[in-house]
Amino acid sequence: MKDYLKVGISGVRGIAGETFTPQLAAAFASAFGSYVGRGAVVLGRDTRASGPMFEQAVIAGLQHSGCQPMLAGVVPTPTLLMLTRQLDARGGIAITASHNPAPWNALKFIDDEGLFLSPAKAMEYFDIYHQGDFKAVAEADIPGAKLLRDPMRVHFDAVHRYVDVAAIRAARLKVAVDCCNGVGALHSRPFLENLGCEVVTCGDRITGDFDREPEPLPHHLTTLSALVREAGCAIGFAQDPDGDRLAIVDEQGRPIGEDLTVAFAVQQVLDRHAQGPVVVHLSTSRCVRAVAEARGVKVHLARIGEINVTKAMLAHGAVVGGEGNGGVIVPAVHPCRDSYTAMALMLELLAMTQRPVSVLRDAIPRYHLVKEKMPIRNEAAVGILRALRRRYEGANMNLLDGVYVDFPDRWVHARISNTEPVLRLTAEAPDEAGARALIDEVRAEIARSGT
Amino acid sequence: MRDPGPLNTVTSNSNKISRRLDIAFRRRHSGSDFAMSDWGPAARGKRIMRSLRLASFGVQGIVGDGLSPELVMNFAAAFGTFLERGPILVGRDTRHSSRMLQSAVVAGLLSTGCDVIDCGVCPTPILQFSVGPLGGTGAISISGGHSPMGHNALTLLGAQGAFIEPVVGETVLDIYHARDFRKAPWNAIGAVQPSPALAEPYFDALARHLDAGAIQRAAFTVVIDPVNGAGCRYIGAFGERLGLRLLPINDVETGHLAHDPEPRPRNARQAASLMGHIPAHIGFISSSDMGRLSIVSDRGETASEEYTFPIIANHVLARRPGGLVTNCCTTRTVDDVAARHGAPLTRTRVGQAYVLSALSDENGVIGGEGNGSVAIPAFNRGFDAFLMMGLILEAMATRGLGAAALIEELPRYHIVKRQVAGETHRGYQALDTLANQDDWREGGALTTLDGLRVDWDDGWLHLRASQTAPIVRIISEAREAEVAETRALNASRLLEHLL
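Scope of this entry: the structure provided in the associated data block.

Scoring rules and cut-offs
- Think of each chain on its own: its residues are numbered from 1, step by step along the sequence as written.
- Following the order in which they are written, the chains are lettered starting with A and the ligands numbered starting with 1.
- Totals for whole chains, interfaces and linings use all residues, but because this is a predicted model, local features are given only for residues with pLDDT of at least 70 and pairs of side-chain atoms are given and counted only at 80 or more.
- Excluding hydrogens and water, the side-chain values take into account all heavy atoms of the structure.
- Contact criterion: two residues are considered in contact whenever any of their non-hydrogen atoms come within 4.5 Å of each other.
- Put simply, buried area is how much 1.4 Å-probe accessible surface two parts lose in total, over both of them, once they are put together.
- Any Lys or Arg side-chain nitrogen found within 4 Å of a carboxyl oxygen on Asp or Glu counts as a salt bridge.
- Any N or O atom pair separated by 3.5 Å or less is treated as a polar contact, with the protein-specific requirement of one donor-capable and one acceptor-capable atom, and with residues adjacent in sequence counted only for side-chain atom pairs.
- Numbered from the N terminus, helices here are DSSP runs of H or I no shorter than four residues, and strands are runs of E no shorter than two.
- One less than the residue count of a helix, multiplied by 1.5 Å, gives the span that helix is expected to have.
- In this scheme, a residue with accessible area under 20% of its type's maximum is buried, one over 50% is exposed, and one in between is partly exposed, where area comes from a 1.4 Å probe on protein chains only.
- Whether two strands pair comes down to DSSP finding at least two bridges between them.
- To obtain an axis, a line is fitted to C-alpha atoms, over the contacting stretch when the element is a helix, and the angle between two such axes runs from 0 to 180 degrees between their N-to-C directions.
- Relative orientations are named as follows: roughly parallel for angles under 35 degrees, roughly antiparallel for angles over 145 degrees, roughly perpendicular for angles from 65 to 115 degrees, and oblique for any other angle.

### Quick word on the interface of chain B and chain A
Next, step 1: The interface is formed by 32 residues belonging to chain B together with 33 residues belonging to chain A.
Next, step 2: Buried area between chain B and chain A, summed over both chains or domains, comes out near 2600 Å², and the portion from carbon and sulfur atoms is 67%.
Next, step 3: The tally of links from chain B across to chain A stands at 0 salt bridges.
Next, step 4: Connecting chain B to chain A are 8 residue pairs in polar contact (both at pLDDT 80 or more).
Next, step 5: Mapped by element, the contributors of at least two residues to the side of chain B that touches chain A are helix H2 (69-83) and helix H3 (96-111) of chain B.
Next, step 6: No other element matches the 10 residues that H3 of chain B contributes to the side of chain B that touches chain A.

### Points about the side chain of Asn-181 of chain A
Residues and elements named next belong to chain A.
Next, step 1: Residue position: Asn-181 is located in the loop between strand E8 (174-178) and helix H7 (184-194).
Next, step 2: Separated by 2.9 Å, the side chain of Asn-181 and the backbone oxygen of Arg-205 make a polar contact.
Next, step 3: Side-chain polar atoms of Asn-181 contact the backbone nitrogen of Asp-211, separated by 2.8 Å.
Next, step 4: Apart from residues lying up to four places away in sequence, Asn-181 is in contact with Thr-47, Gly-203, Asp-204, Arg-205, Asp-209, Phe-210 and Asp-211.

### Comments concerning helix H12 (residues 339-353) of chain A
Residues and elements named next belong to chain A.
Next, step 1: Given a rise of 1.5 Å per residue, 15 residues ought to cover 21 Å, and the 21 Å separating the end C-alpha atoms of H12 matches this to within 8%.
Next, step 2: Summarising burial for H12: 13 of the 15 residues are buried, a large majority.
Next, step 3: Measuring from the backbone nitrogen of Tyr-340 back to the side-chain oxygen at the start of H12 gives 2.9 Å, which picks out Asp-338 as the cap.
Next, step 4: Gln-354 sits one or two positions beyond H12 and adopts a positive phi of about 55 degrees.

### Notes on the sheet that holds strand E7 (residues 116-121) of chain B
Residue and element names in this part refer to chain B.
Next, step 1: The mixed open sheet is built from 7 strands, whose spatial order is E4-E5-E9-E8-E6-E7-E10. Both outer strands of the open sheet, strand E4 (52-55) and strand E10 (192-194), are each paired with one neighbouring strand and no more. Each strand axis lies, on average, 15 degrees off the axis of its neighbour in the sheet, ignoring direction.
Next, step 2: Strand direction decides the pairing type here: strand E5 (residues 58-62) and strand E9 (residues 151-157), joined by 5 bridges, are antiparallel. Looking at the pairing, Gly-61 lines up with Asn-152 of E9.
Next, step 3: Contacts from H2 reach E4, E5, strand E6 (88-92), strand E8 (138-142) and E9, with the element oriented near 5 degrees to E9.
Next, step 4: Across the sheet, helix H4 (residues 124-131) lies against E6, E7, E8 and E9, angled at about 170 degrees from E8, the strand it touches most.

### So, the packing of H4 of chain B against helix H6 (residues 199-209) of chain B
Residues and elements named next belong to chain B.
Next, step 1: At their nearest, the axes of H4 and H6 sit 10 Å apart, and the two run at 90 degrees to each other. As far as their axial angle goes, H6 and H4 are roughly perpendicular. Contacts from Pro-125, Ile-126 and Phe-129 of H4 reach H6 at Pro-201, Tyr-202, Phe-203 and Ala-205.

### Topic: the sheet that holds strand E14 (residues 293-296) of chain B
Residues and elements named next belong to chain B.
Next, step 1: Strand order across the open sheet formed by 4 strands is E12-E11-E13-E14, with mixed pairing between neighbours. Where the open sheet ends on each side, the last strands, each with one partner, are strand E12 (245-248) and E14. Here the strands of the sheet are splayed against their neighbours by 25 degrees on average, with no regard to which way each runs.
Next, step 2: Two strands pair when backbone bridges link them, and strand E13 (residues 282-286) and E14 are joined in this way by 4 bridges, in the antiparallel orientation. The partner of Ile-285 across the bridge, within E14, is Ser-294.
Next, step 3: Those strands touched by helix H9 (residues 269-277) are strand E11 (221-225), E12, E13 and E14, and its axis lies near 155 degrees from that of E11.
Next, step 4: Each of E11, E13 and E14 touches helix H13 (residues 385-399); the most contacted strand, E13, lies at about 165 degrees to it.

Okay, structure coming up:
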C-alpha cells in the first residue's frame, strides 16, 4: 500500500514515475475535458520536478477533448481557483501534490465556479473517466494552448482590495518567508515587498525538490526560526509547496502552531472587516472557537476536506474560517485556502495592534492537541464508530465525519482516514493530560467493543 | 491550365473509396491507448480503412481516432526507452493537431528520463539536419506531410537525423507493444531545453552546398506555396540567402491547410493562376513537412510531381558521378537519366525509409521517389524540399535554362494510375495468385520486391496492396499513352475479378 495511486475527492495522486504517469494524466485530462465540455480550462502547477512533464501531458489530454489550455505556469493553487472563476473558464486543473513530499504529484480538478469539484461532481467526473469514452474533437477543432500574462494579478488584486494596504505599508515590517522551494519562491517576495515589507527568504530556489519537509509543521521550520532570529524579523511565514497553507513563527523564532494561523485570521477579520459566522473543519483547535465566541460569533464545524469546508462556508454565509492545518479561507477574497490572504491579514493585525506576535499569541487561549492513528481494517472501523456512538450517547455529538464528541472545554474526534488504512484519533483539552485522557478513554472503548 | 505535357498522371477514381470508414477499436482502461481490435471478425462484412498504422519508422493515423495523445505518448516513451538518453529533438508542422501531439510526445520522452530540445514548428529536413549539430541522440518529427487535414504522423529519426533503419525500428515497436517503458524516477525526469535558432546554420550549409553565387546572380522570381505548413516561417530565409524575389502564397500558419498538401498538379492551381498574371521563373508547391515538392514551370505548366526527381538527378549526376536509388514504381525517366550519366541504379520497396536505407548501403549520390522527393546524403539524411528547390534553381542558373526547358529535355513516358477496391488481405491473396500465373504478363519480366512489377521493353506495370487504404494500386507506364492505359485497364479487370 506504500506507493499506491489515490483517486478520490482530492484528485488523482501518486508517485511520479511509479504509479502516476503522464499517460494516466493525459487520460484524466481528456476525461475532464469531456466532463466540462469544450472551452477554456485553466492549468497551472507547483515547482515539482515532474511538473513540466505532467503539464505537457495534461495539455495534450485537454486538447484531445477540444478544451483550450490556459497556461498560468508556476502559480499557487488559490491563484488557479481565482483565475478559473475570473476567466469564466469551463474548469481548471492544478498540478500539485500540495504538502506531499517531492516524489509525489497530483491533479486537482476545479469547477466553473473556481471551486474544487464537490464529491457529487467528482463522482460524475470519475464515472466519465472509467467509462473511457472521451469525445475526441476533429482536427480543425483542436485549440491551441494560450499563455496567461501576469497570472498573479487577479489574486493579488483581490487580497489588496480586502486588506488595508496603506496601514500595512506604513508599518514597514521586516518579515522572513520560507517558500519551501515552491510557488512562493517566485511570488512571495514581490507580494510582500509590494506591501511595504522588508523581506528575507529561505527555500527560495526552484530546484524541483524541497529543502525541508513540505508540511509546515513546527519541527520542520528550524531554518525559518534561525532566519527570523538572526535577521531580527517581526514575523516568519512558512508556506507549503503550492501556497495554500501557512504557518507562523513569532519574532523570537518560535513556531506557534498551524492552528494559530486560522485563529489570528478569524480575530482580524471579525475585528476589522466583517461580522458573520465562522466555519472550520472538525479537527481544528478549540482556540479558534474561543476567539470567535469572545466576539459573539458562532462557529460551525465541517467535514475534513477543503471542498467540504468551502461548501459549508458558503452555506452558512461565513466571513472567515478554514482548516486547523494553516489553511485560511476568506470567502470575500475567494472561498479557498490561501496563504497570501493569511499573510496579509497577519501583517494587518501586526500593523494595527503594534504588538509583537508572541504577545498576540499569549492573548489566545492555549489548548493541547494530541493526534494518534490506529491501523485498522475498514470493515472493523464501522463497528468501532458504532460502539463509540453508543458510548457517548447523550453527550454533544457531531457525526458528520466519524464521531466527534464535544465537551465544554475539550473534544475528541475519531474518523476513518481518506488516505491511509487507519483510524485517526484526535483530542484537545486545556492541558496535555486532559487530551491524553480522552484518547485513552476512546482506546479503552475500542478494546472493550472487541473489534 | 495548359496541358502539362506527355508525362501526365491520370488518376482513375472509378471505385469510390471512403477516406474514413468504421473502425473497431478496443479502448483499454487506465494508461493504455487505443489499440486496434483483431481484424478478422471486425472486418467481416465491412470494409475496413485503417485509421492507424504503426511502423518501425513511426506511426501515422487519423487524429482523435487512431492517433490519441496516449498512444503517441506511449510511442514516444518507447522511442525514449530505446535511445536510452537524450537530448531528443522534437519538431512539428503547423496543423492544429500537431501542437497536441507535440505536448504528448514531449511528456512521453521526459517520462523516460530523456531531455528534449523543443524545436517548435520545424520542417522535417531542417530537424534532420539539426540533430547532429545539436548533439541529439535522435528526433521525432510530427507532421502529416502530404496527408490531408485530419491525418498526422510521427517520424522517428536516429543519430545524425537519419531514418531509423526498419530492422532497428522493430525494437522500438517491441518496446511499445510490451509497454516496457523506462520510467525515470521523479528526480531524473527529463527537462525541456529551448532550441537555438536552427534556420541560420541550416541555410548556411545549404548555400555552401549549392552554387549560391550563380543563383543570386540569376535574380529569380519564385512563387512558393508551402501550404500553410512548416515551411512558412523558413522560406523567407531561403529566399534571402539565394537572392530570390519571393512571391509566397499560403504562407500563414493558420493551423488549417489551404489545400490538399500533396504536391501534384491539381494542388498547384493557385500557384499557376498567380503565375498567369505575374511572371515568375518557377513555382514550387511543397508538402506540410517540406519533404516533397512539385513545380510549376515558367510557362505556367503544373508539372507532375514525377518530374521533380529526374530533373534534379539529371543535374546532380552530371556534376557528381555515383549511384542512384529509387523505389520500384518510379517513372522510367529516372532509369534513362541514370543510364545517360552511367549511374548504377538500385531499386527498393516503396517508402522513404527503404530508399534512404539503400542510399546508405549503396553509398549512393542521390535517391528519390516519384512522389516528388529527393535526398542527397552528402547534404542531409532525408528528403528535403529546400535542397530540391535549391538544386532546381542551380540547374536553371548554371545551365541558363528555364524550368520548362529542364522538363523538356527529359525522356517522356505516359503514366496511368488506377486503384481497385478490396480488403487488404484479399489484395495480398490476389497478388499471390497473379504472381504464380504467367499468361497475363504477356512476356514481361516479373519482380516481386514490393507487390508485383512487370517490365516490358516499352514500359512497366506495378500492382501493390496499399498500406493505408483497402485498395490495390495500379501504376502503368509506357511510351505510348494507349499502351499504358490498356495495361492498366487489363490489370484492374483482372484484380476486380480476383477481389
